[in-house]
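# Structural description and commentary
The chain contents come next:
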Amino acid sequence: MLQPTFLILGTSKAGSTSLYHYLSKHPDVFMSEPKEPAFFQTEYQRGIEYYWNSYFQKYKGEKEIGEASTKNLQLPFVAPRVADLLPDARLLVLCRNPVERTISAYWHNHSHGVEPLDFEAAIEKNLRRLETGPRFENETEALLYARVADQGTKALQRTYGFYIEPGYYAEHIERYRALFGEDRIKVIFFEDLTRDAAGVLADVHRFLGIEPYPLPDVQAQNQSMSRAGAMFCSAVANLPGINRIPQSWRTEVRARIARRFHGKGPQIGNATRRMLVEHFRPHNERLAQLTGRDLAHWNHLPH
């Protein structure tokens with residue numbers, strides 16, 4: 001049975017949409033449609049044939065096959081499922097300053113009408129759940145996740161508020177390293193992708209074992225947008241027959257809308273930012289040790 005050869009694990013709001021878009025343009029790469037299959041989160045029991053037939057129908061013999069569901073990184077119960085079904089896969093992990101990533105994720109949900117709480121309340125709710133559970137670490141909690149997911153992605157976000165734990169990068173990377181080994185995982189930093197997308201992409205091509213393929217357009221594909229832009233984007237996404245349009249085309253349209261209706265996001269007070277900086281500090285230090293990357297600048301408030 002044909003199956004994916006690599007996964008973009010995440011995290012959300014760290015460049016996964018851009019990387020998906022860039023890789024989809026390579027003639028030797030086929031990317032799933034849609035970008036983020038829910039298979040490993042809620043459909044795993046249906047088996048690999050269902051996975052392939054649902055998300056890779058347009059495959060035409062490309063050497064490398066990938067998908068980019070960012071929730072696969074943050075949900076602990078997913079990693080053993082990936083290792084069981086795709087033991088030879090290569091894994092790409094995108095990391096962004098976790099405070100900025102948290103703010104961006106909140107703004108995305110709030111501007112699209114998914115998150116009704118203000119920023120501080122949404123963060124407090126998420127932190128409370130991490131203390132009391134569920135943290136989705138086993139198959140019992142996976143069933144709980146799936147039951148809520150049946151109500152839609154909006155219900156998942158409103159119920160659990162995944163803002164904080166996606167930024168526990170080292171914890172997630174170590175989980176996958178224990179199953180796949182260090183050589184099959186590549187860590188990519190968002191700031192590198194935004195500064196030198198072409199260089200990062202060439203490095204990813206080498207990691208995947210495919211020939212370099214320069215892109216004429218390496219603009220960001222999932223920028224934050226204003227509330228008006230988000231609502232317009234949602235209206236376009238709900239047009240009849242929109243899903244028959246190739247994912248790559250839809251991604252480019254969304255990118256154009258985002259650039260036209262760019263939004264700065266919410267105003268976050270220094271006290272809240274300081275709390276988040278201190279919360280993520282040990283996680284950042286752990287990631288720095290894991291990757292050999294100097295991440296001291298992540299542990300400071302912006303000037």
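Scroll up to find the structure.
Read on for a plain summary of the structure.

## As for the overall build of the protein chain
From N to C terminus, the protein chain includes 15 helices and five strands. With 303 residues in all, the protein chain has 52% of them scored as buried. At a minimum sequence separation of 6, the contacts of the protein chain that also span at least 24 residues come to 79%. Carbon together with sulfur atoms contributes 51% to the accessible area of the protein chain, which is approximately 14200 Å² in total.

## Focus: the packing of helix 6 (residues 98-111) against helix 7 (residues 119-132)
Helix packing geometry: the angle between the two helix axes and the distance between the axes. Running from N to C, helix 6 and helix 7 cross one another at 110°; their axes reach a closest spacing of 11 Å. Looking at the two axes, helix 6 sits roughly perpendicular to helix 7. When you trace helix 6 past helix 7, the crossing you get is right-handed. Contact with helix 6, carried on its side by Thr102, Ile103 and Tyr106, involves Phe119, Ala122 and Ile123 of helix 7 and no other residues of that element.

## So, helix 9 (residues 153-160)
The set of residues buried in helix 9 consists of Ala155, Leu156, Gln157 and Tyr160. Buried-residue contacts for helix 9 involve helix 6, helix 7 and helix 8 (139-149). Of the residues one or two after helix 9, glycine 161 is the one with positive phi, at around 55°.

## Focus: the nonpolar core
One broad rule of soluble globular proteins: the nonpolar side chains tend to lie buried together. Core analysis: the largest hydrophobic core is formed by 45 residues, its most contacted members being Phe40, Tyr51, Tyr176 and Leu287. In contact with tyrosine 51, other than residues within four places in its own chain, are Pro4, Leu7, Pro37, Phe39, Phe40, Phe56, Glu67, Leu85 and Leu86. In terms of nonpolar packing, the next biggest core, distinct from the first, is built from 21 residues, Ala14, Leu193, Leu201 and Leu215 among them.

## Considerations on the packing of aromatic side chains
The relative placement of two aromatic rings is captured by the distance of their centres and the angle of their planes. This structure, assessed with the given rule, holds 23 aromatic pairs. Consider the rings of phenylalanine 30 and phenylalanine 56, whose centres lie 6.4 Å apart with planes at 55°: the pair is tilted. Of this pair, phenylalanine 30 sits in strand 2 (residues 29-31) while phenylalanine 56 sits in the loop between helix 3 (48-55) and strand 3 (64-67), and the two are 26 residues apart along the sequence. Plain terms: the ring middles of tyrosine 51 and tyrosine 55 are 6.2 Å apart, the flat faces sit at 65° to each other, and that makes the pair edge-to-face. Within this pair, tyrosine 51 and its partner tyrosine 55 are both found in helix 3, separated by four residues, close to a single helical turn. Given the relative accessible area of 0%, tyrosine 51 is considered buried.

## Remarks on the sheet that holds strand 1 (residues 6-10)
Read across the open sheet, the five strands follow the order 2-3-1-4-5; overall the sheet is parallel. Two strands close off the open sheet at either side, each with one partner strand: strand 2 and strand 5 (185-189). Strand-to-strand, the axes of this sheet are offset by a mean angle of 25°, without reference to chain direction. Inspection of the sheet shows strand 1 paired to strand 3 by two bridges, in the parallel sense. Within strand 3, the position partnered with phenylalanine 6 by the bridge is glycine 66. Where helix 10 (residues 169-180) meets the sheet, it contacts strand 1, strand 4 (90-95) and strand 5, and its direction lies at approximately 170° from that of strand 4.

## A few points about the packing of helix 8 against helix 9
Direction vectors running N to C along helix 8 and helix 9 enclose 125°, while the axes themselves pass 7 Å from each other. Looking at the two axes, helix 8 sits oblique to helix 9. Contacts from Leu144, Tyr145, Val148 and Ala149 of helix 8 reach helix 9 at Ala155, Leu156, Thr159 and Tyr160. Counted by class, the contact of helix 8 with helix 9 contains seven nonpolar, one polar and no charged residues.

## Quick look at unusual backbone geometry
With omega at 5°, the peptide bond leading from glycine 10 into threonine 11 counts as cis. By secondary structure assignment, the location of threonine 11 is in the loop between strand 1 and helix 1 (16-24). Geometrically, the link from glycine 133 to proline 134 is a cis peptide bond, its omega value of 5° lying close to zero. Within the element layout of this structure, proline 134 appears in the loop between helix 7 and helix 8. Phi angles above zero are rare outside glycine, and lysine 13 is one such case at about 60°. With respect to the helices and strands, the residue lysine 13 is situated in the loop between strand 1 and helix 1. Taking relative accessible area as the criterion, lysine 13 reaches 13% and is therefore assigned buried.

Rules used in this analysis
- The residue count restarts for each chain, going from 1 along the sequence in the order it is written.
- The model is predicted, so local features are restricted to residues of pLDDT at least 70 and side-chain atom pairs to those at 80 or more, both for listing and for counting; the totals for chains, interfaces and linings are taken over all residues.
- As a rule here, side-chain values come from all non-hydrogen atoms in the structure, and water together with hydrogens is ignored.
- Only DSSP runs of H or I covering at least 4 residues are called helices, and only runs of E covering at least 2 are called strands; the numbering of each starts at the N terminus.
- Any residue under 20% of the maximum accessible area for its type is buried, any over 50% is exposed, and the rest in between are partly exposed; the area is computed with a 1.4 Å probe on protein chains only.
- By the convention used here, residues are in contact when the closest approach between their heavy atoms is within 4.5 Å.
- For every accessible area listed, the method is Shrake-Rupley and the probe measures 1.4 Å; residues are considered covered only by the protein chains on display.
- Note on definitions: angles span 0 to 180 degrees between N-to-C directions of axes, and those axes are lines fitted to C-alpha atoms, for helices only across the stretch in contact.
- Any angle that is under 35 degrees is reported as roughly parallel, and any over 145 degrees as roughly antiparallel; angles of 65 to 115 degrees are reported as roughly perpendicular and all others as oblique.
- Crossings are sorted by hand: turned counterclockwise from the far helix by less than a right angle, the near helix makes the crossing left-handed, and turned clockwise it makes it right-handed.
- We call a set of buried Ala, Val, Leu, Ile, Met, Phe, Trp, Tyr and Cys residues a nonpolar core when their side-chain atoms join them within 4.5 Å.
- Stacked, tilted and edge-to-face pairs are distinguished by plane angle, under 30 degrees for stacked and over 60 for edge-to-face with tilted covering the rest, among Phe, Tyr and Trp rings (Trp via its six-membered ring) whose centres lie within 6.5 Å.
- Two strands make a pair as long as DSSP finds a minimum of two bridges between them.
- Lys, Arg, Asp and Glu make up the charged group, whereas Ala, Val, Leu, Ile, Met, Phe, Trp, Tyr, Cys and Pro make up the nonpolar group; the residues left over, Gly among them, are polar.

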